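# Chains, contacts and geometry: an overview
So you can see what is in the structure, the chains are spelled out below.
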Amino acid sequence: MSYDRAITVFSPDGHLFQVEYAMEAVRRGSTAIGIRGKDCVILAVERRALAKLQDPRTIRKIVPVDSTTTLAFAGLTADARVLINKTRTEAQTYRLTCEDSPSVEYMSRFIARTQQKYTQRGGVRPFGIATLIAGFGLNDENEQVPVLYQTDPAGTYSSWRAQVIGGRNAKSLREFLEKNYNDDMGMKEATKLAVQALLEVVDSGAKNMEICVVKGAGEKHTMTEAEVAVVVKEIEAEIEEGKQQKTSTSS
Amino acid sequence: MDTVFGVEYEGGVILAADQSNARSILTYQSNLDKITKLSPSSALAVSGPNADLVNFSEYISKNLAIYQLSNDGLQLSTHAQANYCRGELATALRKGPYQVNCLLGGYDASSGKGSLYWMDYFAALSKVNYGCQGYASSFCLSIMDRDWKEGLDQDQAVAIVDKCIKELSLRFLMNQPNFIIKVIDKDGVKTLKFGSDPADT
């Protein structure tokens, strides 16, 4: 049996169905949101309700791929594990050959290139994941600025100011972000926006979210449940206030 | 010929190496740092031709970085790192050997102790309390045999290292004016002193 026949082939009307099915697999995954603030990047993921006997600490959806780059994914966890391992090895290989840390853009390009390769090779299927890659890079004035990249199963990659991957409501969440995003958000504001967006999809608040704040110089901070709960409370209080104002003006 | 030696003490390890990069009758460089940090709490002091020295230590340190990243920040123990190095040397031995003789020193937070491993280019590995690679062994091992004891503190260990360096400058044929000394303990890998600043390349 020959394993050199391609699985991903064109349909008569120009679709790559395997890639589109892979994107459907991404939609079935849990939501991941990335928001670029003016001095940080927020990665927020939905932690789907776990089985009671499962240890939540062994489920990681936001992972470091290099000391200065962090990745969140949506889709098939096993595929993500394979792709992340390849990416980590690539980061160290880059460090070994170039004696410098790879840029976030380089890592995103590598991940995208790998994902595309698997759509054009015999015997393999595409990766069923989309990724959000966060870190810091240099702008034209040689200053450190936050960057956020996204890749998808087709192998495309691009830079985003805010993006949502995974979950059934990705489109409406993106619209929510478009409406409420502004370019000048500090850490607190950006975190609040991320939590607000996640609250639209997540069942019951802080314990079903994982929020990671990527700051400059390779620093990142994963918020504890207590810290997230504080932000959730703040948002819920604002919603209550908004409701009360509405009822008081209408009555 | 390189001089590389190390001493283990209570709560850490000291590694020392000469800083000359020379071949035949020429000295290329006299501020080379032959002690590479492998992980936040371990370092490898290497003796051998510059190409193999750099290639081997960088390769090992990058692979240990992958391990740490893939395992949620967990570091390999010094014992595991030493055996990993040995394994790489052994695999390369019958393909394209690395001609490196090394001393791996590390600190394990779980035991609160330092450990020193002696490795030669045939991939022989041994855990030691103190060790030397190269011609230094002929001069320094006897000093260490006499002065080392269980439960030394850092100052006493540094004193032994200084004694060895003094002996070498007096009795060893090759002139090695610069030595770099690094300490590995609970605070990580730090340079204690150097003869010539390695950053000044």
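Structure: above.
What counts and how
Residues numbered from 1 in each chain as written. Chains lettered and ligands numbered in written order. Predicted model: local features only at pLDDT ≥ 70, side-chain atom pairs only at ≥ 80, totals over all residues. Heavy atoms only, no water. Helix = DSSP H or I, 4+ residues; strand = E, 2+ residues; numbered from the N terminus. Buried < 20%, exposed > 50% of the residue type's maximum accessible area, 1.4 Å probe, protein only. Contact = heavy atoms within 4.5 Å. Lys, Arg positive; Asp, Glu negative; His and termini not counted. Charge placed at Lys NZ, Arg CZ, Asp CG, Glu CD. Core = buried A, V, L, I, M, F, W, Y, C linked by side-chain atoms within 4.5 Å. Axes fitted to C-alpha atoms, helices over the stretch in contact; angles between N-to-C directions. Parallel < 35°, antiparallel > 145°, perpendicular 65-115°, else oblique. Left-handed = near helix turned anticlockwise from the far one by under 90°. Nonpolar A, V, L, I, M, F, W, Y, C, P; charged D, E, K, R; others polar. 1 Å grid on protein atoms, 1.4 Å probe; cavity = no way out; pocket = protein on both sides within 12 Å on 5 of 7 lines; lining within 4 Å. Points joined across faces, edges and corners; volume = space filled by probe spheres on them. Buried area = accessible area lost by both parts, 1.4 Å probe. Salt bridge = Lys/Arg side-chain N within 4 Å of Asp/Glu carboxyl O. Polar contact = N/O pair within 3.5 Å; in protein donor to acceptor, adjacent residues only side chain to side chain. Patch = residues over 30% accessible without salt bridge, like charges linked within 9 Å, V, L, I, M, F, W, Y side chains within 5 Å. Areas by Shrake-Rupley, 256 points an atom, 1.4 Å probe, with all protein chains shown as cover.

### Some details on the overall build of chain A
Helix and strand counts for chain A stand at six helices and 10 strands. Out of the 251 residues in chain A, the part that is buried amounts to 46%. Contacts spanning at least 24 positions in sequence make up 62% of the contacts within chain A whose residues lie at least 6 apart. Charge centroids of chain A, computed over 33 positive and 33 negative side chains, lie 7 Å from each other.

### Quick word on the nonpolar core
The biggest cluster of nonpolar side chains holds 30 residues, and the ones touching the most others in it are Ile 33, Ile 35, Ile 42, Leu 177, Leu 198, Met 209 and Ile 211 of chain A. For this core, the leading source of residues is helix α5 (residues 187-201) of chain A, giving seven residues.

### A look at the packing of helix α1 (residues 50-70) of chain B against helix α2 (residues 78-93) of chain B
Residue and element names in this part refer to chain B. Remark: α1 packs on α2, axes separated minimally by 11 Å, with the N-to-C direction vectors making an angle of 130 degrees. For the element pair α1 / α2, the angle class is oblique. For α1 against α2, the interelement crossing comes out right-handed. Residue-level inspection shows Phe 56, Tyr 59, Ile 60, Asn 63 and Leu 64 of α1 in contact with α2, the latter providing Gln 81, Tyr 84, Cys 85, Glu 88 and Leu 89. Here the residues of the contact of α1 with α2 sort into seven nonpolar, two polar and one charged.

### Describing the layout of surface pockets
Residue and element names in this part refer to chain B. By volume, the second largest pocket amounts to about 530 Å³. In terms of lining residues, the second largest pocket is bounded by 27 residues, among which Met 1, Asp 2, Asn 21, Ala 22 and Arg 23 are the most central. Counting residues per element, the ones that place at least two in the lining of the second largest pocket are β3 (21-23), β4 (26-29) and α1. Taken together, the residues of the lining of the second largest pocket break down into 11 nonpolar, 12 polar and four charged.

### Focus on the interface of chain B and chain A
Contacts between the two partners involve eight residues from chain B and, on the opposite side, 11 residues from chain A. Summed over both partners, the interface of chain B with chain A buries about 850 Å², with 62% contributed by carbon and sulfur atoms. On the chain B side of the interface with chain A, the three residues burying the most area are Lys 62, Ile 66 and Leu 69 of chain B, jointly 61% of the side's total. On inspection of chain B and its partner chain A, the count reaches zero salt bridges. At the surface where chain B touches chain A, the tally comes to one residue pair in polar contact (both at pLDDT 80 or more).

### Notes on a positive patch on the surface
There is a patch of like positive charges on the surface, built from Lys 86, Arg 113, Lys 117 and Arg 121 of chain A. Note on placement: Arg 121 of chain A falls in the loop between α3 (104-117) and β5 (129-138).

### Here's the deal with empty space enclosed by the protein
Residue and element names in this part refer to chain B. Taken as a whole and assessed by the stated rule, the structure comprises two cavities of 30 Å³ or more. Quantified by volume, the largest cavity comes out at close to 50 Å³. Residue lining of the largest cavity: Glu 8, Tyr 9, Glu 10, Gly 11, Lys 113, Trp 148, Glu 150, Gly 151 and Leu 152, and that is the complete set. When grouped by side-chain class, the residues that make up the lining of the largest cavity number three nonpolar, two polar and four charged. Reported here for the second largest cavity is a volume of approximately 40 Å³. Taken together, Ser 39, Leu 64, Tyr 67, Gln 68, Leu 74, Gln 75, Leu 76 and Gln 81 form the lining of the second largest cavity. Per-element accounting of the lining of the second largest cavity gives the leading share, three residues, to α1. Split by residue class, the lining of the second largest cavity holds four nonpolar, four polar and no charged.

### Things to note about the pattern of salt bridges
All names here are of chain A. In total, this model carries 18 salt bridges over all chains according to the counting rule given. The residue Glu 24 makes a salt bridge to Arg 27 at a minimum N-O spacing of 2.5 Å. Of this pair, Glu 24 and Arg 27 both sit in helix α1 (residues 17-28), three residues apart, which is roughly one turn of that helix. We classify Glu 24 as partly exposed; its relative accessible area is 30%. With a relative accessible area of 37%, Arg 27 lands in the partly exposed category.

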